[in-house]
Amino acid sequence: QEQLVESGGGLVEPGRSLKLSCAASGIMFSVYIMQWYRQAPGKERELVASIYRDFGTRYTESVKGRFTISRDNANQTLFLQMDDLKPEDTAVYYCNAKIPYSADYWGQGTQVTVSA
C-alpha cells in the first residue's frame, strides 16, 4: 500500500530553520517526481518545490535561496530544508509523489508555524 508520512514540522521563530522529511513506502520511490506543497489558512494549495528523477530541482519564487529540496532514493525519503523562515511560510506542508498521467500520492501533512 502506497504511503507518504511527513515529519519535522513545528513552531519556530522568524529567521530560524526547520527540516521536513517525508518517508515513502509501497512505491518505487526513485522513479517519482517528488514535491512539497503547502496550504495556508484560507488559501489554495501551493507547489513549493519539486525534485525530479535526475535530481533537478525547481522552486516557487518566494522560497528560492531559502529552501532546499533533496531526496535519498536508497532510504525512500524526501527532505525540505527551510532556512530563514518567515511568518508567511506558515502553512500545512504536504509531500507529493507523482508520475504524470499515471500516479499521484499525498501525505497527511505537517504543520509549520513561524511566529515570534
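The sections below set out a description of the structure shown in this document. Each chain has its residues counted from 1, running along the sequence as written. Local features in this predicted model are restricted to residues whose pLDDT is 70 or higher, and side-chain atom pairs enter the listing and the counts only when it is 80 or higher, whereas totals over whole chains, interfaces and linings include all residues. With hydrogens and water excluded, all non-hydrogen atoms of the structure serve as input to the side-chain values.

1. Quick notes on the overall build of the chain
Inference 1: For the chain, the count of helices and strands is 0 helices and 11 strands.
Inference 2: Atoms counted for the radius of gyration: C-alpha only. Globule rule: 2.2 Å times the number of residues to the power 0.38. For 116 residues, the compact-globule estimate of 2.2 N^0.38 gives 13 Å, and the chain sits close to it at 13 Å.
Inference 3: Exposed residues in this analysis have more than 50% of their type's maximum accessible area, buried residues have under 20%, and partly exposed residues fall in between, with area computed by a 1.4 Å probe over protein chains only. The 116 residues of the chain split such that 40% are buried.
Inference 4: In what follows, residue pairs with any heavy atoms lying within 4.5 Å of each other are defined as contacts. Look at the contacts in the chain between residues 6 or more apart in sequence, and 53% of them connect residues 24 or more apart.
Inference 5: The sign given to each residue is positive for Lys and Arg and negative for Asp and Glu; His and the chain ends receive no count. To locate a charge, take NZ of a lysine, CZ of an arginine, CG of an aspartate or CD of a glutamate. Charge separation in the chain, taken as the distance between the mean sites of 12 positive and 13 negative side-chain charges, equals 3 Å. By the criteria applied, helices consist of DSSP H or I runs no shorter than four residues and strands consist of E runs no shorter than two, each listed in order from the N terminus.

2. Remarks on the pairing of strand β1 (residues 3-7)
Inference 1: Residues of β1 alternate between two faces, with L4 and E6 buried on one and Q3, V5 and S7 left unburied on the opposite face.
Inference 2: Here, a strand pair is defined by DSSP locating no fewer than two bridges between the strands. In terms of strand pairing, β1 meets strand β3 (residues 18-25) through 5 bridges, oriented antiparallel. When the sheet's bridge partners are listed, S7 is paired in β3 with S21.

3. Observations concerning the nonpolar core
Inference 1: M34, W36, L78, L80, M82 and Y93 are the most contacted members of the largest nonpolar core, which has 29 residues in total.
Inference 2: Among the secondary structure elements, those contributing two or more residues to this core are β3, β4 (33-39), β5 (46-51), β7 (67-72), β8 (77-82), β9 (91-99) and β11 (110-114).
Inference 3: Setting aside chain neighbours within four positions, we find L78 in contact with L20, S21, C22, F29, M34, Q35, W36, I51, I69, S70, R71 and C95. Put simply, buried Ala, Val, Leu, Ile, Met, Phe, Trp, Tyr and Cys residues joined by side-chain atoms within 4.5 Å make one nonpolar core.

4. Notes on unusual backbone geometry
Inference 1: Of note, the phi angle at F55 is positive, near 75 degrees, even though the residue is not glycine.
Inference 2: In this fold, F55 is placed in the loop between β5 and β6 (57-59).
Inference 3: Phi angles above zero are rare outside glycine, and Y101 is one such case at about 65 degrees.
Inference 4: On the secondary structure map, Y101 appears in the loop between β9 and β10 (103-106).

5. A few points about the state of the cysteines
Note on terminology: disulfide describes a covalent bond linking the sulfur atoms of two cysteines.
Inference 1: Here, a disulfide means two cysteine sulfur atoms that sit within 2.5 Å of each other. Scanning the entire structure with this criterion turns up 1 disulfide.
Inference 2: Note that C22 is cross-linked by a disulfide to C95, the S-S spacing being 2.1 Å. Classification of the bridge connecting C22 and C95 rests on its S-S torsion, roughly -75 degrees, and on that basis the disulfide is left-handed. One end of the pair, C22, is in strand β3; the other, C95, is in strand β9, with 73 residues separating them in the sequence.

6. Quick look at the pattern of salt bridges
Inference 1: We define a salt bridge as a side-chain nitrogen of Lys or Arg found within 4 Å of a carboxyl oxygen belonging to Asp or Glu. Tallied over the full model, the rule gives 5 salt bridges.
Inference 2: A salt bridge links E46 to R38; its shortest N-O distance comes to 2.8 Å.
Inference 3: Overall, the relative accessible area of 6% leaves R38 in the buried class.
Inference 4: Measuring nitrogen to oxygen at the nearest pair gives 3.7 Å for the salt bridge that ties D84 to K86.
Inference 5: Overall, K86 belongs to the partly exposed group, its relative accessible area being 29%.

7. Side note on the sheet that holds β8
Inference 1: With respect to topology, 4 strands assemble into an open sheet ordered β1-β3-β8-β7, the strand pairing being antiparallel. Because the sheet does not close on itself, it has two edges, and the strands there are β1 and β7. Averaged over all neighbouring strand pairs, the angle between strand axes comes to 15 degrees, with direction disregarded.
Inference 2: The pairing of β3 with β8 spans 6 bridges and is classified as antiparallel. Paired with A23 across the two strands is T77, which belongs to β8. Simply put, an axis is a line fit to the C-alpha atoms, just over the touching stretch for a helix, and the angle between two N-to-C directions goes from 0 to 180 degrees.

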